[in-house]
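Notes for the structure review
Residue-level listing of the chains:
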Amino acid sequence: MPCNGRKLKKQLDKLLKQDGVAGYAIQGNKIKIFVETDDAAKALKFIAAEGYEVELIKTGKFEAL
Amino acid sequence: MAFSRTDRVSKLAGGISIGSEEITAGTLTGRFIDKTDGQIVLVSNWHVFEGKPGETKILQPGPYDGGSAPNDMVGILKRYVELDRRKKMPWWKRIICALFGWFLEEWCLGSKEPNHLDAACAEYVPATEDRSLLPGIYLDDGTRIVPQETVSGDGLDGKKVWKSGRTTGVTVGKVEVGSAKVKVWYGDRWVLFEDVVLVRGECKGGDSGSPVFLMIGDEPSENDKLCGILFAGSPGFFVFCKYKYLEDELKVSWAP
């Protein structure tokens, strides 16, 4: 993880608390953000640090089964 | 007679209906060894074995599938990994909080430990003599296989895995993310989990507790390796906790 990795994680943790965001993962310079609905994806405002590529994945809501 | 995962089964193994008397039904992960005392124990999710340690009865099948106490009891909840545990405070902070906690309420709450695992174990105590706890897991046709090996659950990106669950049986999936942080809903509240594995694959309510295996060949087989325990999902995805946390936090190991 680049040196600004901790700051990025903080940003993503904050994002995770928003309605409609289901999770995230950082894979090298790629950030995968999981969203519960299409509307949540549209409403998402996330500007990643330079050098990162962001991919949104609609996963739905994760529920204990 | 055809095998059904939701029936009362005399030979218990992973992949069949189970649940505490307080819930509906989930899946038995399988037979494990309690590393703290060497006892053989039943393992599933905490939210499947939910209750009071030393008191709550574990039923097979789970209550939703007709299991009831005392006849269908197969165990008693032994322990679980608590969610959202608070980090231990240093001695000096404990003193300050004992004196001024009324004023420093938020600071004294401390930060939370990350959640890695939704799991619990139960002492195997069958109510009737016709039951036995066997190693391995059931496949859809009722045959039981006994994979011997385990892997930590790390480094699974892009790999093929399969699970055996009460509701959707054996389903194969592909790991989308080998280490994710996700929000999981338990009724109307959510809990954050870190370092869990996200899989593109099928699951439904009642599959919680399914053992998850790293697939070596093209079909589920005894060469496959236990890599985790399923606990959550959404249409088209399931999420599992890594096997290493069963060893490190619940202190149990797979007993083939």
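The preceding data block contains the structure.
Report follows, based on the coordinates. (Residues numbered from 1 in each chain as written. Chains lettered and ligands numbered in written order. Predicted model: local features only at pLDDT ≥ 70, side-chain atom pairs only at ≥ 80, totals over all residues. Heavy atoms only, no water.)

1. What to know about the overall build of chain B
Assigned secondary structure in chain B consists of three helices and 18 strands. The C-alpha atoms of chain B give a radius of gyration of 19 Å, which matches the 18 Å a tight globule of 256 residues would have. Taking the principal axes of its C-alpha atoms as reference, chain B extends roughly 65 × 45 × 35 Å. Among the 256 residues that make up chain B, the fraction classed as buried is 54%. (Helix = DSSP H or I, 4+ residues; strand = E, 2+ residues; numbered from the N terminus. Rg over C-alpha atoms; globule rule 2.2 N^0.38 Å. Buried < 20%, exposed > 50% of the residue type's maximum accessible area, 1.4 Å probe, protein only.)

2. Topic: the overall build of chain A
What chain A contains, in helices and strands, is two helices and four strands. Long-range pairs, those at least 24 residues apart, make up 33% of the contacts in chain A between residues at least 6 apart in sequence. In the structure as shown, chain A presents an accessible area of about 4000 Å², 49% of it carried by carbon and sulfur atoms. (Contact = heavy atoms within 4.5 Å. Areas by Shrake-Rupley, 256 points an atom, 1.4 Å probe, with all protein chains shown as cover.)

3. Here's the deal with the pattern of salt bridges
Where charged atoms of side chains with opposite charge meet at close range, the side chains can pair. One pass over the full model with this rule turns up 19 salt bridges over all chains. Of the charged contacts in the structure, one is a salt bridge between B:Lys181 and A:Asp13, with a shortest N-O distance of 2.9 Å. Of the two residues, B:Lys181 is situated in strand β13 (residues 169–186) and A:Asp13 in helix α1 (residues 5–16); the pairing between them involves two chains. Bridged by salt links that share partners, the residues B:Asp34, B:Asp37, B:Lys78 and B:Arg79 form one connected network. (Salt bridge = Lys/Arg side-chain N within 4 Å of Asp/Glu carboxyl O.)

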